[in-house]
Amino acid sequence: MGQAVQTFKKETIQKMKHYYKQVINDKPPAGAVFRARTDNAVITAYNSGKVLFQGSNPEIEYKKWSNDVNTTNQKRKPIAKQSNITNFHPPQTLFTETHIGSDESGTGDYFGPVTTSAAYINKEQIAELKKLGITDSKQITDQNVMYLSNELAKLNIPSSLIVLHNEKYNSLQKQGWSQGKMKAMLHHHAINKLLTKIKNRPYDGILIDQFCQPDLYVRYIASENESLPDKTFFMTKAESYSIAVAAGSVIARASFLNEMDKLSAQVGYSLLKGASQHVDALIAQIIREQGEAILNTCAKLHFANTKKARKLV
Ligand code: MN
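Hey, could you run me through helix α5 (residues 142-154) in this one?
Here α5 spans 19 Å end to end across 13 residues, near enough to the 18 Å set by a 1.5 Å rise per residue. Among all positions of α5, only Val 145, Leu 148, Ser 149, Glu 151 and Leu 152 are buried. Across the axial projection of α5, the buried residues extend over an arc of 160 degrees, all falling on one side. Opposite the buried face of α5, at more than 90 degrees from it, the exposed residues are Gln 143, Ala 153 and Lys 154. Elements that come into contact with the buried residues of α5 comprise α4 (126-132) and α9 (243-267). Phi turns positive, to about 55 degrees, at Asn 156, one or two residues after α5.

So what exactly am I meant to see when it comes to unusual backbone geometry here?
As a rule of thumb, non-glycine residues mostly have phi less than zero, and peptide bonds are mostly trans rather than cis. Of note, Lys 199 is a non-glycine position whose phi angle comes to about 50 degrees, a positive value. Relative to the helices and strands, Lys 199 resides in the loop between α7 (179-198) and β8 (206-209). Of note, the phi angle at Lys 237 is positive, near 55 degrees, even though the residue is not glycine.

In this structure, what is going on with the coordination of the manganese ion? I would like to understand it.
Each donor-metal-donor angle would ideally measure 109.5 degrees in four-coordinate tetrahedral geometry, or 90 or 180 degrees in six-coordinate octahedral geometry. Surrounding the manganese ion are the protein donor atoms Asp 103 (OD) and Asp 209 (OD), which sit 2.0 to 2.2 Å from the metal. Note that Asp 103 is positioned in strand β5 (residues 99-105) and Asp 209 in strand β8, a separation of 106 residues in sequence. Residue class for Asp 103 comes out buried when judged on its relative accessible area of 3%. What makes Asp 209 buried here is its relative accessible area of 9%.

Honestly, the sheet that holds strand β2 (residues 32-37) in this entry has me stumped. Any pointers?
Think of a sheet as strands paired side by side through backbone hydrogen bonds, with each pair either parallel or antiparallel. Taken in spatial order, the four strands of this open sheet run β1-β4-β3-β2, and their pairing is antiparallel. Across the chains shown, the open sheet's two edge strands, defined by having one partner strand only, are β1 (2-7) and β2. Averaged over all neighbouring strand pairs, the angle between strand axes comes to 10 degrees, with direction disregarded. Pairing geometry for strand β3 (residues 42-46) and strand β4 (residues 50-55), over four bridges, is antiparallel. Bridging from a neighbouring strand, Val 42 pairs with Gln 54 of β4. Helix α1 (residues 10-19) rests against β2, β3 and β4 of the sheet, and its axis sits at about 35 degrees to β2.

Looking at this model, I keep getting lost on the nonpolar core. Mind explaining?
Core analysis: the largest hydrophobic core is formed by 65 residues, its most contacted members being Ile 100, Phe 111 and Leu 271. With sequence-adjacent residues up to four places away left out, Leu 271 is seen in contact with Phe 111, Met 260, Leu 263, Ser 264, Leu 282, Ile 286 and Cys 298. Residues Met 16, Phe 34, Ala 45 and Val 69 belong to the second largest nonpolar core, which totals 13 residues.

Explain the pattern of salt bridges here, please?
The final tally for this structure, using the stated rule, is eleven salt bridges. Arg 219 is the salt-bridge partner of Asp 215, the closest N and O atoms lying 3.7 Å from each other. Of this pair, Asp 215 and Arg 219 both sit in helix α8 (residues 214-222), four residues apart, roughly one helical turn. A relative accessible area of 23% means that Asp 215 is categorised as partly exposed. When salt bridges that share partners are traced, they join Asp 136, Lys 138 and Glu 239 into one network.

Got a minute to help me understand the environment of Val 245 in this structure?
Looking at the element boundaries, Val 245 is found in helix α9. Measuring from C-alpha to C-alpha, the distance between Val 245 and Tyr 120 comes to 9.1 Å, with 125 residues separating the pair along the chain. Discounting residues that sit within four places of it in the chain, Val 245 has contacts with Gly 101, Ser 102, Asp 103, Leu 207, Asp 209, Ala 238 and Glu 239.

Can you help me understand α1 in this one?
Within α1, burial applies to Thr 12, Ile 13 and Met 16. All buried residues of α1 lie within an arc of 100 degrees about the axis, which places them on one face of the element. Exposed residues on α1 whose side chains face more than 90 degrees from its buried face are Lys 10, Glu 11 and His 18. Here the buried face of α1 lies against β2, β3 and β4.

Cut-offs used in this document
Residues numbered from 1 in each chain as written. Predicted model: local features only at pLDDT ≥ 70, side-chain atom pairs only at ≥ 80, totals over all residues. Heavy atoms only, no water. Helix = DSSP H or I, 4+ residues; strand = E, 2+ residues; numbered from the N terminus. Expected span 1.5 Å × (residues − 1). Buried < 20%, exposed > 50% of the residue type's maximum accessible area, 1.4 Å probe, protein only. Arc of directions from axis to C-beta. Contact = heavy atoms within 4.5 Å. Donors = N, O, S within 2.8 Å, 3.2 Å for Na, K, Ca; no water. Pairing = 2+ DSSP bridges. Axes fitted to C-alpha atoms, helices over the stretch in contact; angles between N-to-C directions. Core = buried A, V, L, I, M, F, W, Y, C linked by side-chain atoms within 4.5 Å. Salt bridge = Lys/Arg side-chain N within 4 Å of Asp/Glu carboxyl O.

Below you can see the structure in the form of structure tokens.
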């Protein structure tokens, strides 16, 4: 049993309905205009304009109408786009080749900026960096993050760093930017900054620690007239597989910790990481003693913590 599906204009479907009227016996299924049954095929025409020919010889019936196929309506489904999504996944070989990785820090912390770093790792350095203990910064103590970040600098690992300070973060957020879009633009800028730095040094790919679907990332940067550099890949938990992403995560985290120290000195409170109830209590204390305005300089105001803290004041 074969089958064919084609899209036709509404008028053609009415012509078909008229043509087959003697053999339209079946009750049409949901969304269908009619269903007809000939010796050759069962023909089902849908409201969408799609007509399905199935049975022993569907082509005999189909050929009667093939000249009327609505080609203007034959918009290719975004199949290409979908296959791109799978293409965004890095090849296994990338992790052992020379590549770039990027990661961010601070997105889940009420206080402090969002920092993003991209790092370029030559394949000859991978073993050494692993031995040094470069891995996902979430698995490392703050003290060790600072140490490892210094070691990366000593080894002259090419890297870039972008810091989105709280005032800017809050103003973008008020303009309607989602945190996802901010992250996408931060990664994009960090990668471009690094690409400029390394000039023509070769690499096998760019790996972004995935925080949203790659096609959404592409749309975020496209909304700012930017596009993906060649050979860009996305993967969740990439810092556990790629030493370049792990290096990026260490540099980004170290920068976040430094910025938190600076902010703490600036506002006169030892600012807490994370977004827990302890953070709520500290926010309430700051509001009581300094007023709410100061939060714009050191916090991500749209977090639910702000409202929770107001109730504690
Ligand atoms: Mn990450």
